Amino acid sequence: MSQTNDQTGSDLLMVAMPKGRIYKQVIRLFQEAGLSIPDLEETRKLVIEVPEAGMSFIMVKPVDVPTFVEYGVADIGIVGKDVLMEENKDVYELLDLGIAKCRMSVIGLPNWKPTIQPRVATKYPNVASQYFREQGQQVEVIKLNGSIELAPLIGLADRIVDMVETGQTLRENGLVEMEQIFGITSRLIANRVSYRMKNEAIQGLCDRLQTVISSAAGV
Ligand SMILES: Nc1ncnc2c1ncn2[C@@H]1O[C@H](COP(=O)(O)OP(=O)(O)OP(=O)(O)O)[C@@H](O)[C@H]1O
Ligand SMILES: O=P(O)(O)OC[C@H]1O[C@H](OP(=O)(O)OP(=O)(O)O)[C@H](O)[C@@H]1O
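About the thresholds
Residues numbered from 1 in each chain as written. Chains lettered and ligands numbered in written order. Predicted model: local features only at pLDDT ≥ 70, side-chain atom pairs only at ≥ 80, totals over all residues. Heavy atoms only, no water. UniProt positions renumbered as here; feature names shortened; annotations may be inferred. Core = buried A, V, L, I, M, F, W, Y, C linked by side-chain atoms within 4.5 Å. Buried < 20%, exposed > 50% of the residue type's maximum accessible area, 1.4 Å probe, protein only. Helix = DSSP H or I, 4+ residues; strand = E, 2+ residues; numbered from the N terminus. Contact = heavy atoms within 4.5 Å. Arc of directions from axis to C-beta. Pairing = 2+ DSSP bridges. Axes fitted to C-alpha atoms, helices over the stretch in contact; angles between N-to-C directions.

In the annotation of an unreviewed UniProt entry, the protein is listed under the name ATP phosphoribosyltransferase and assigned to Paenibacillus methanolicus. The UniProt entry for the protein carries the following text under Sequence similarities (unreviewed entry): "Belongs to the ATP phosphoribosyltransferase family. Short subfamily." On record in UniProt, under Function (unreviewed entry), the comment for the protein is "Catalyzes the condensation of ATP and 5-phosphoribose 1-diphosphate to form N'-(5'-phosphoribosyl)-ATP (PR-ATP). Has a crucial role in the pathway because the rate of histidine biosynthesis seems to be controlled primarily by regulation of HisG enzymatic activity."

Right, dumping it as structure tokens:
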């Protein structure tokens, strides 16, 4: 990857970086790929230039990453497959980073019984609607923003569609995983125009990251 130390402003690759859970894993991956990224979580700054890595970072909510990338204010971004499926934005999905592994599942109480117009609570209404439509099941989807597992416990919904990683949240709330919908990992995405205009830099980054991912996977 051709990187110089004199890149400034718009020469830098603008990266939409998700705040929160994925962040530390992404930074580790970038550092293993030889990119000297400081711990950006230490600061409340939202735009952080790292000229020595040829990149500038904007710190955003994970769910907003595809929006910043689709509009081209970020050239690339890192986002979970769950968000990509839900948001369905017009971006290139370049690389499976293999981090933040979990799965999207249908979850319910063990004694769940089908009802006429079942209610499904979820943070992912598009994913849930599409899944049940494909299953030929009519459901009412209720959008929540967190603590989704609460819904079947207190009678808000019959089932939920949510992520499962270790299964701890399910176990501690007496819920069971009924069906797995798809597997989730974090992905590197790119704006369509940026991918053409800044191809050398973006492809170079992909190649560096791919080397780390492949060696971690023992390929
Ligand atoms: N339990 C989990 N295990 C592994 N990966 C997860 C888990 N929960 C979420 N993820 C992945 O991490 C991404 C970001 O999750 P995170 O909880 O940081 O953001 P969020 O859901 O937008 O939270 P908040 O609304 O609290 O900011 C998700 O989109 C998903 O890809
Ligand atoms: O299988 P586990 O390892 O228990 O992980 C799964 C939990 O993690 C996520 O919740 P999060 O921590 O983001 O909380 P929230 O959705 O309630 O905000 C997800 O929505 C599940 O509740």
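Further notes follow.
Participant: What am I meant to see in the nonpolar core here?
Facilitator: The biggest cluster of nonpolar side chains holds 33 residues, and the ones touching the most others in it are F30, I37, M55, F57, I78, L97 and L209. Going through the elements one at a time, β1 (13-18), α1 (23-32), β2 (47-50), β3 (55-60), β4 (76-80), β11 (186-190) and α8 (199-216) are the ones with two or more residues in this core. Setting aside chain neighbours within four positions, we find F30 in contact with L35, I37, M55, F57, I78, L205 and L209. In this structure, V127, A128, Y131 and F132 belong to the second largest nonpolar core, which totals 13 residues.

Participant: When you look at α1 in this model, what are you seeing that I'm missing?
Facilitator: Within α1, burial applies to Y23, V26, I27, L29 and F30. Taken down its axis, α1 places every buried residue within 160 degrees of arc, on the same side. Lining the buried residues of α1 we find β1, β3, β4 and α8. Phi for G34, located one or two positions after α1, is positive at around 90 degrees.

Participant: How should unusual backbone geometry be read in this particular structure?
Facilitator: For residues that are not glycine, phi is negative in most cases, and the peptide bond is trans in most cases. For A100, which is not glycine, the phi torsion reads 55 degrees and is therefore positive. Within the fold, A100 resides in the loop between β5 (92-96) and β6 (102-108). Residue classification places A100 among the partly exposed positions, given a relative accessible area of 21%. Of note in the backbone geometry, S147 takes a positive phi value of approximately 45 degrees without being a glycine. Within the element layout of this structure, S147 appears in the loop between β8 (140-143) and α5 (150-153).

Participant: I tried to follow the sheet that holds β2 on my own but got confused; where do I start?
Facilitator: Hydrogen bonds between backbone atoms are what pair the strands of a sheet, whose relative direction is either parallel or antiparallel. Pairing is mixed in the open sheet, where six strands are placed in the order β2-β3-β1-β4-β11-β5. Only two strands of the sheet have a single partner each, and these edge strands are β2 and β5. The sheet shows a mean angle of 30 degrees between the axes of neighbouring strands, direction not considered. Pairing of β1 with β4, which is carried by two bridges, proceeds in the parallel orientation. Considered in β4, the bridge of A16 is made with G77.

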